Amino acid sequence: MITAATRLVALLGNPVGHSLSPVMHNAAFGERDIDMCYLAFEVNIQELGKAIEGLKCLGAVGANITVPFKERALLYMDSLDPEADAVGAVNTVVFKGKHAFGHNTDINGVEETLRLFSVSRKSALLLGAGGAARAAACALGKDGWDRIWVSNRHHKRAEQLVDDLARICNTPFAGAIPWGERPPEPCPLVVNATSLGLDGAEWPEGLPKKILSDGNVEGVLDLVYTPGAATPLVEAAIKRGIPAVGGEEVLLRQGAAAFSLFTGMEAPVERMRDSMKDWTTRNERG
Ligand code: NDP
């Protein structure tokens, strides 16, 4: 029950209407009997700072920050977790009085999801160079991957990512390769951190096939999440018998890490997973 004592956790983004975060966090609060309520707010880019200040004034426990504000949110933090600082993006904020602490639990989400893969050597091809790719690169480094090749449509961004994260996180990069090329050595894991596969962003003709058909790919992690359906990359991998995991697992695990930051408690991961599945099934039925 929401009472005068209930504390607020917010999601700030634009758009936010599709987000599963309110569903999984409210289910988790219920499961752990925590008197908090999670609400989503669609915010204009010019008002992000005011929204964060407003949450401080309202005594909110914390917030998640989603697309397209994860990088801009850095401007409004009073302090930053070193990994969020290195990646240059914040997706979770914890308020202590008027102090905003910025974290990046996408890193935790990818790092934990990587443990689902069992491959013959720890080399990976990372597609993308935006905020998600930077979090994924940091996670691959933390998870002990030896060699990471990066490929991005705008090559300069891939080179920048390699430079930044090698310097700040000691991520073991092998190098940046032109968009659409295969790495010059076998990379058993492919991580997609581009937005390709989302509505309106289609893979270039033949690219998933080119990436997946060299016989060396043993696992695919696609950060893109399309509720109720496999992403095109996951579908293409499964068709070739390659184990593949979609972005829902990363979403769940970044949410679980954020829950722990908000509450100081371990997240009820299976309850959160079930709540997302139930919501997706109900929506599919209309
Ligand atoms: P950004 O906008 O920061 O980066 C977008 C990336 O996609 C860039 O590398 C961009 O390349 C690439 N890209 C976009 N359109 C195309 C195209 N037509 N052809 C080739 N490359 C393209 O977004 P984020 O990094 O924040 O997010 C990327 C994806 O990861 C999103 O789909 C997001 O939903 C997902 N994500 C999922 C999470 C989860 O929990 N499952 C967590 C975080 C993100 P370029 O630099 O050349 O423009």
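Scroll up for the structure.
Small disclaimer: the values here were computed from a predicted structure and weren't measured.

## So, the side chain of glutamate 111
Tracing the chain through its elements places glutamate 111 in helix 4 (residues 105-114). Looking at glutamate 111, the relative accessible area reads 11%, which means it is buried. Within the local environment of glutamate 111, its side chain forms a polar contact with the side chain of arginine 115, the two groups lying 3.2 Å apart. If near-sequence neighbours (up to four positions away) are discounted, glutamate 111 is found in contact with Ala139, Lys142 and Asp143.

## Re the nonpolar core
Leu126 and Leu221 are the most contacted members of the largest nonpolar core, which totals 31 residues. For leucine 126, the contacting residues outside a window of four places in its chain are Ala133, Ala136, Ala137, Ile148, Trp149, Val150, Ser151, Val191 and Ala193. Judged by nonpolar contacts, the second largest core, of 20 residues, contains Phe29, Leu252, Ala258 and Met272.

## A short note on unusual backbone geometry
Of note, the bond from asparagine 14 into proline 15 is cis; its omega dihedral lies within 30 degrees of zero at 5 degrees. Tracing the chain through its elements places proline 15 in the loop between strand 1 (7-13) and helix 1 (21-31). Omega for the bond connecting valine 67 with proline 68 falls within 30 degrees of zero, at 5 degrees, which places this linkage in the cis form. In this fold, proline 68 is placed in the loop between strand 3 (62-65) and strand 4 (79-80). Of note, aspartate 33 is a non-glycine position whose phi angle comes to about 55 degrees, a positive value. Positionally, aspartate 33 belongs in the loop between helix 1 and strand 2 (36-42).

## Concerning the environment of glutamate 270
Within the secondary structure, glutamate 270 sits in helix 10 (residues 269-285). Assessed through its relative accessible area of 46%, glutamate 270 is described here as partly exposed.

## Remarks on the sheet that holds strand 6 (residues 99-103)
The strand order 2-1-3-5-6-4 describes an open sheet built from six strands, whose pairing is mixed. Lying at the two open borders of the sheet, with one neighbouring strand each, are strand 2 and strand 4. Pairing of strand 5 (residues 92-96) with strand 6, which is carried by five bridges, proceeds in the antiparallel orientation. Paired with valine 93 across the strands is glycine 102, a residue of strand 6. Packed on one face of the sheet, helix 1 meets strand 1, strand 2 and strand 3 and runs near 170 degrees to strand 2. Here helix 9 (residues 247-263) sits on the sheet and contacts strand 1, strand 2, strand 3, strand 5 and strand 6; the angle it forms with strand 5, its principal contact strand, is near 5 degrees.

## Concerning the pairing of strand 3
Alternating positions in strand 3 separate into two faces, Gly62 and Asn64 on one and Ala63 and Ile65 on the other, with burial throughout. The sheet contact formed by strand 1 and strand 3 spans four bridges and is parallel. Residue pairing for strand 3: valine 9 is matched across the bridge by glycine 62. Where strand 3 meets strand 5, three bridges bridge the pair, whose relative direction is antiparallel. Of the residues in strand 5, the one forming a bridge with asparagine 64 is threonine 92.

## Brief notes about the pattern of salt bridges
Inspection of the entire model under this criterion finds 17 salt bridges. The partner of arginine 271 in a salt bridge is glutamate 31, and the shortest N-O contact between them spans 3.8 Å. With arginine 271 in helix 10 and glutamate 31 in helix 1, this residue pair connects regions lying 240 residues apart in the sequence. Judged by relative accessible area, glutamate 31 falls into the partly exposed class, the value being 45%. When the shortest N-O distance is used, the salt bridge between arginine 253 and glutamate 112 registers 3.5 Å. Taken together, the residues span a long stretch of sequence, with arginine 253 in helix 9 and glutamate 112 in helix 4 at a distance of 141 residues. According to the relative accessible area criterion, glutamate 112 is partly exposed, its value standing at 29%. If you follow the salt bridges from partner to partner, you end up with Glu83, Glu111, Arg115, Lys122, Lys142 and Asp143 in one network.

Reading the values: rules and limits
For every chain, the first residue of the written sequence is number 1, and numbering continues from 1 onward in sequence order. At least 70 in pLDDT is required for a residue's local features to be given in this predicted model, at least 80 for side-chain atom pairs to be given and counted, and no such filter applies to totals for whole chains, interfaces and linings, which use all residues. Where side-chain values are given, they derive from all heavy atoms of the structure, hydrogens and water being excluded. Numbering goes from the N terminus for both helices and strands, where a helix is a DSSP run of H or I of at least four residues and a strand is a run of E of at least two. Burial here depends on accessible area, computed with a 1.4 Å probe over protein chains only, as a share of the maximum for the residue type. Under 20% is buried, over 50% is exposed, and the range in between is partly exposed. Pairs of N or O atoms within 3.5 Å make up the polar contacts considered here, provided that, within protein, one atom can donate a hydrogen while the other can accept it, and that residues adjacent in sequence are counted only when both atoms are side-chain atoms. Pairs of residues are marked as contacts when any of their non-hydrogen atoms sit within 4.5 Å. Nine residue types can take part in a nonpolar core, namely buried Ala, Val, Leu, Ile, Met, Phe, Trp, Tyr and Cys, and a core is a set of them joined through side-chain atoms within 4.5 Å. Strands were regarded as paired on the criterion that DSSP finds at least two bridges between them. Only the contacting stretch of a helix is used when fitting its axis, a line to C-alpha atoms as for every element, and angles between N-to-C directions run 0 to 180 degrees. Salt bridge, as used here, is a side-chain nitrogen of Lys or Arg placed within 4 Å of a carboxyl oxygen of Asp or Glu.

The quantities given are spatial measurements derived from coordinates; they are silent on function.
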